[in-house]
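Spelled out from the first residue to the last, the chains are:
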Amino acid sequence: MEYRRLGSSGLKLSALSFGAWVTFGRQVDTAAAREMLAEAHANGVNFFDNAEVYAHGAAEQVMGEALHALALPRDGYCVSSKAYFGRLPDPAPTQRGLSRKHLTEACQQALRRLRVEYLDLFFCHRPDQDTPVEEVVISMDSLIRQGKVLYWGTSEWPAAAITAAAAFARAEHLIGPQMEQPQYNLLHRERVEQEYAPLYAQIGLGTTTWSPLASGLLTGKYAGGVPEQSRLGQNDYEWLRESVLGADNGRNARRAARLPALAAELGCTPAQLAIAWCLRNPQVSTVILGASRVAQLRENLGALDVHQRLDDAAWRHFEAVFAAA
Ligand code: NDP
């Protein structure tokens, strides 16, 4: 495994990490979660990502039970949660957003579900127009000073809002945001590469990036239709199916269709190639993998070898063919 600093912090995360969205508490029960977390940890993965909203709290519960059963040393791994959407399907006004009340409650509840005494990383899952950024910074600073959180960050915040939070923290001698969790993959790269570009040097921002396979599209599994046993084949994920495979995304489907041949040429699988591409960006602190079964996780962890093996010429060839589709 390769380890990378989380931005300017001293925390070293594994370049490949593992998350629970859609899977834990839905497709993946505690026994399967335990198997996958053990496999990830045995391969050097030291960061497991979660959120209050994933499976309405069940994803954290399952991860907590599995981590507890595995009895991994707490100083050897990092775990996260995120607050904003709320845990319940129809949350009351105080049960969602980024108010001091909800951030405090969400943190306490995540600690209980995950069965840990502190969260290594705690994210504001989206910006909240109804909470002043000053309140967010003060709340997160307070959770850190209470020992409940070690690092706080944002997820899918505009660069201007991250800059405002960092400036307020600096002026008031409070602890500012350390990391952002954006989507980053071959089909979705502008925010990480352009919008956030000044923030890496200015505030030492780290990134824990999500959906390296665009929910599976970049594995090639959707080329011939939607398999029933797949993320986009699930009944209540029509919105995601539309967003990944909808009529507006023809170009993405065409580009994804290029991957199998390119991967075969380069001696790896499409998933490994897509994940290795994310690792090429030095501003990516860790690529969060998703998997619904252990075989996928094993395959995806092989992306690290591909990243180490492919040279600049191979990547230039790849980028040229991929972009031409
Ligand atoms: P991916 O884009 O990699 O999608 C993962 C899914 O693709 C798997 O669950 C599986 O679904 C399928 N898959 C994975 N590997 C393979 C393979 N080798 N062959 C075939 N199919 C495969 O990542 P996620 O979208 O899951 O994102 C990763 C993590 O990032 C999440 O778990 C979460 O922790 C975080 N995240 C954060 C967000 C945020 O807003 N901050 C938003 C989204 C994710 P299946 O088998 O069911 O088809």
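Scroll up a little and you will see the structure.
Presented here is an overview of the structure given in this document. Within any chain, residue numbers begin from 1 and follow the written order of that chain's sequence. Restriction of local features to residues with pLDDT of at least 70 applies here, the model being predicted, together with a cutoff of 80 or more for giving and counting side-chain atom pairs; totals for whole chains, interfaces and linings are based on all residues. In computing side-chain values, all of the structure's heavy atoms are included and hydrogens and water are not.

Focus: the nonpolar core
Most often, soluble globular proteins have nonpolar side chains that are buried together.
Moving on, step 1. Phe24, Phe48, Phe122 and Leu273 are the most contacted members of the largest nonpolar core, which has 97 residues in total.
Moving on, step 2. The secondary structure listing takes helices from DSSP runs of H or I that are at least 4 residues long and strands from runs of E that are at least 2 residues long, numbered from the N terminus. In terms of residue count, helix H10 (residues 270-279) provides more of this core than any other element does, eight residues in total.
Moving on, step 3. Among all residues touching Phe24, those that are not within four sequence positions of it are Phe18, Ala33, Met36, Leu37, Ala55, Ala59, Val62 and Met63. Side-chain atoms within 4.5 Å link the members of a nonpolar core, which is a set of buried Ala, Val, Leu, Ile, Met, Phe, Trp, Tyr and Cys residues. Burial here depends on accessible area, computed with a 1.4 Å probe over protein chains only, as a share of the maximum for the residue type. Under 20% is buried, over 50% is exposed, and the range in between is partly exposed. It only takes one pair of heavy atoms within 4.5 Å for two residues to be counted as in contact.

Concerning the packing of helix H2 (residues 58-70) against helix H3 (residues 100-114)
Moving on, step 1. Running from N to C, H2 and H3 point in directions that differ by 45°, and their axes come no closer than 7 Å. The pairing of H2 with H3 is recorded here as oblique in orientation. Residues Glu60, Gln61, Met63 and Gly64 of H2 form the contact with H3, whose participating residues are Ala110, Arg113 and Leu114.
Moving on, step 2. All amino acids are sorted into three groups, where Ala, Val, Leu, Ile, Met, Phe, Trp, Tyr, Cys and Pro are nonpolar, Asp, Glu, Lys and Arg are charged, and the leftover types, Gly among them, are polar. A class-by-class count of the residues in the contact of H2 with H3 yields three nonpolar, two polar and two charged. Only the stretch in contact is used when a helix axis is fitted, and all axes are lines through C-alpha atoms; the angle between N-to-C directions ranges over 0 to 180 degrees. Angle categories are assigned with fixed cut-offs, so that under 35 degrees is roughly parallel, over 145 is roughly antiparallel, 65 to 115 is roughly perpendicular, and the rest are oblique.

Focus: the site of the ligand
Moving on, step 1. Residues are labelled near a given molecule or strand when at least one of their non-hydrogen atoms is within 4 Å of it. Near the ligand there are 34 residues, and of these Asp49, Ser211, Lys221, Arg231 and Ser292 occur at the shortest range.
Moving on, step 2. Whenever a nitrogen or oxygen atom comes within 3.5 Å of another N or O atom, the pair is scored as a polar contact, on the condition that within protein one atom can donate a hydrogen and the other can accept it, and that pairs from neighbouring residues in sequence are kept only if both atoms are in side chains. Residue Gln27 places a side-chain N or O atom 2.7 Å away from an oxygen atom belonging to the ligand.
Moving on, step 3. Between an oxygen atom of the ligand and a main-chain N or O atom of Leu213, the distance comes to 3.0 Å.
Moving on, step 4. Computed with a 1.4 Å probe, the accessible areas rest on the Shrake-Rupley method; for each residue, only the protein chains presented here act as cover. Surface burial for the ligand is 96%, taken as the share of its 910 Å² of free accessible area covered by protein chains.
Moving on, step 5. Elements supplying a minimum of two residues to the shell around the ligand: strand E10 (286-289) and helix H11 (294-301).
Moving on, step 6. It is H11 that contributes the most residues to the shell around the ligand, three residues altogether.
Moving on, step 7. A class-by-class count of the residues in the shell around the ligand yields 12 nonpolar, 15 polar and seven charged.

Brief notes about the pairing of E10
Moving on, step 1. Because side chains alternate across E10, one face comprises the buried residues Thr286 and Ile288, and the other comprises Val287 and Leu289, equally buried.
Moving on, step 2. By definition, two strands form a pair when at least two bridges between them are found by DSSP. Both strand E3 (residues 16-19) and E10 contribute to a ladder of three bridges, which runs parallel. Looking at E10, one finds that Ser17 is bridged to Ile288.
Moving on, step 3. Direction of pairing for strand E9 (residues 206-209) relative to E10: parallel, over a ladder of two bridges. Bridge pairing in E10 places Thr209 opposite Val287.

Observations regarding the packing of helix H9 (residues 250-266) against helix H13 (residues 312-324)
Moving on, step 1. At a minimum axis separation of 8 Å, H9 and H13 run at an interaxial angle of 150°. Considered as vectors, H9 and H13 are oriented roughly antiparallel to each other. H9 and H13 meet at a crossing whose hand is right-handed. Residues Arg251, Arg255, Ala256, Arg258, Leu259, Leu262, Glu265 and Leu266 of H9 touch H13, and the partners they reach there are Ala314, His317, Phe318, Val321, Phe322, Ala323 and Ala324.
Moving on, step 2. Among the residues forming the contact of H9 with H13, the class breakdown is 10 nonpolar, one polar and four charged. Whether a crossing is left-handed or right-handed is set by the direction in which the near helix is turned from the far one by less than a right angle, anticlockwise for left-handed and clockwise for right-handed.

Without other data, these values stay purely geometric and don't point to any function.
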